[in-house]
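Summary of the model geometry
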Amino acid sequence: VGSAPAASNPGSASSCYLVTTNAGQLLLECGHGAASKLQLYTHMDRISAILISHMHPDHFFDLVPLKYLIEQFGDRAIPLHLPPAGLEILERLAQSLGEKPSFWSRAYTIETYDPQDELEVSGLRITMCPARHFIPAWSLRLSNVASGMVLGYTSDTAPSDAVVRHLTGANLLLGEATLQRQTTPESDRGHLTGREVGELAARAGVHRLVITHFPHAEAEAILADARETSGMQCDLAIEGLEFRIE
Ligand SMILES: [Zn+2]
Ligand SMILES: [Zn+2]
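Treat the numbers as computed from the prediction; the structure is a model and nothing was measured.

Conventions and cut-offs
- Residues numbered from 1 in each chain as written.
- Chains lettered and ligands numbered in written order.
- Predicted model: local features only at pLDDT ≥ 70, side-chain atom pairs only at ≥ 80, totals over all residues.
- Heavy atoms only, no water.
- Donors = N, O, S within 2.8 Å, 3.2 Å for Na, K, Ca; no water.
- Buried < 20%, exposed > 50% of the residue type's maximum accessible area, 1.4 Å probe, protein only.
- Pairing = 2+ DSSP bridges.
- Helix = DSSP H or I, 4+ residues; strand = E, 2+ residues; numbered from the N terminus.
- Axes fitted to C-alpha atoms, helices over the stretch in contact; angles between N-to-C directions.
- Contact = heavy atoms within 4.5 Å.
- Tetrahedral: all angles 85-135°; square planar, octahedral: opposite > 155°, others 65-115°.
- Left-handed = near helix turned anticlockwise from the far one by under 90°.
- Nonpolar A, V, L, I, M, F, W, Y, C, P; charged D, E, K, R; others polar.

1. Here we look at the coordination of the zinc ion (ligand 1)
- Taken together, the protein donors to the zinc ion (ligand 1) comprise Asp 58 (OD), His 59 (NE2), Asp 156 (OD) and His 213 (NE2), at separations of 2.1 to 2.2 Å.
- Along the chain, the residues donating to the zinc ion (ligand 1) fall in the pattern D-H-x96-D-x56-H.
- Between the zinc ion (ligand 1) and the zinc ion (ligand 2) the interatomic distance amounts to 3.4 Å, and Asp 156 serves as a bridging ligand to the pair.
- Given a relative accessible area of 3%, Asp 58 falls into the buried group.

What follows is the structure, given as structure tokens:
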């Protein structure tokens, strides 16, 4: 639905993905611009759950317009799985907008996940691993309970051995590449380059890499770098593309 990083790409939304199984449809992330684009690909009644990997605006800000869409066009509140501290951030946001504490509750049934535990939603068993990011963020391993197929998702992260281990063997890796080149000090990093996401995919032995969270202007260079270091089939997560994992 959207694959832009924090700085919007022209005409597209930030992080937002639909993961569909036989048992349901998970909305993974809901970055700015997503609520508008989402309506091109699904209906509010079809979404069985929403999951947010971390509380940066490019991953959750469109929970606001999505709330109004669900209230208007949905038939029920949708379970919204937030990281620890997510609920407090949403409550403070509602308060700062001058809204009542009940602002979110008609659209969402909010649940805070414990990153140590398994989460089972929309026919997926999901485990989490701390990413290397500026705020607490979780890389996700989403296993289809029925088929055993695995989708790995880096979320936002700098290179991390723990993330490599967690996503090992995924059938498809949705990997972030926010940077074309690395200029920040190693201690102050929170993202991957094209070369690094390719290395991560190769080390984790995944079958296929789909690159996301990339700046529009550098997309082709990032893709070329990732192809070189991963040596595997790589694609850009362009809005509207659908990948079947089977
Ligand atoms: Zn982000
Ligand atoms: Zn982030």
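2. Focus on the sheet that holds strand 7 (residues 108-112)
- Strand order in the open sheet formed by 5 strands is 3-4-5-6-7, with mixed pairing between adjacent strands. Both edges of this open sheet fall to strand 3 (17-21) and strand 7, since each of them pairs with a single strand only. Put simply, the sheet's adjacent strands are angled 25° from each other on average, direction ignored.
- With 2 bridges joining them, strand 5 (residues 49-51) and strand 6 (residues 78-82) adopt parallel strand pairing. The residue of strand 6 that forms the bridge with Leu 51 is His 81.
- Packing of helix 3 (residues 63-73) onto the sheet brings it into contact with strand 4 (24-28), strand 5, strand 6 and strand 7, and relative to strand 7 it is tilted by some 140°.
- On the sheet, helix 4 (residues 86-96) packs against strand 6 and strand 7 and is oriented at approximately 110° with respect to strand 6.

3. Describing the coordination of the zinc ion (ligand 2)
- Coordination sphere of the zinc ion (ligand 2), protein contribution only: His 54 (NE2), His 56 (ND1), His 133 (NE2) and Asp 156 (OD), at 2.1 to 2.4 Å.
- Coordination at the zinc ion (ligand 2) is irregular, judged from the 4 donor atoms that bind it and the angles of 91 to 165° they form at the metal.
- All donors to the zinc ion (ligand 2) come from one chain, and their sequence spacing reads H-x1-H-x76-H-x22-D.

4. A closer look at unusual backbone geometry
- For Ala 85, which is not a glycine, the phi torsion comes out positive at approximately 80°.
- Residue class for Ala 85 comes out partly exposed when judged on its relative accessible area of 45%.
- Residues other than glycine seldom take positive phi values, yet Ser 122 does so here, at roughly 50°.
- Relative to the assigned elements, Ser 122 resides in the loop between strand 8 (119-121) and strand 9 (124-130).

5. A look at the packing of helix 6 (residues 194-204) against helix 7 (residues 219-230)
- At a minimum axis distance of 7 Å, the contact between helix 6 and helix 7 shows a crossing angle of 35°. As for how helix 6 packs across helix 7, the hand of that crossing is right-handed. For the pair helix 6 and helix 7, the contacting residues are Gly 194, Arg 195, Val 197, Gly 198, Glu 199, Ala 201 and Ala 202 in the first and Ile 222, Asp 225, Ala 226, Glu 228, Thr 229 and Ser 230 in the second.
- Of the residues that constitute the contact of helix 6 with helix 7, the class distribution is 5 nonpolar, 4 polar and 4 charged.

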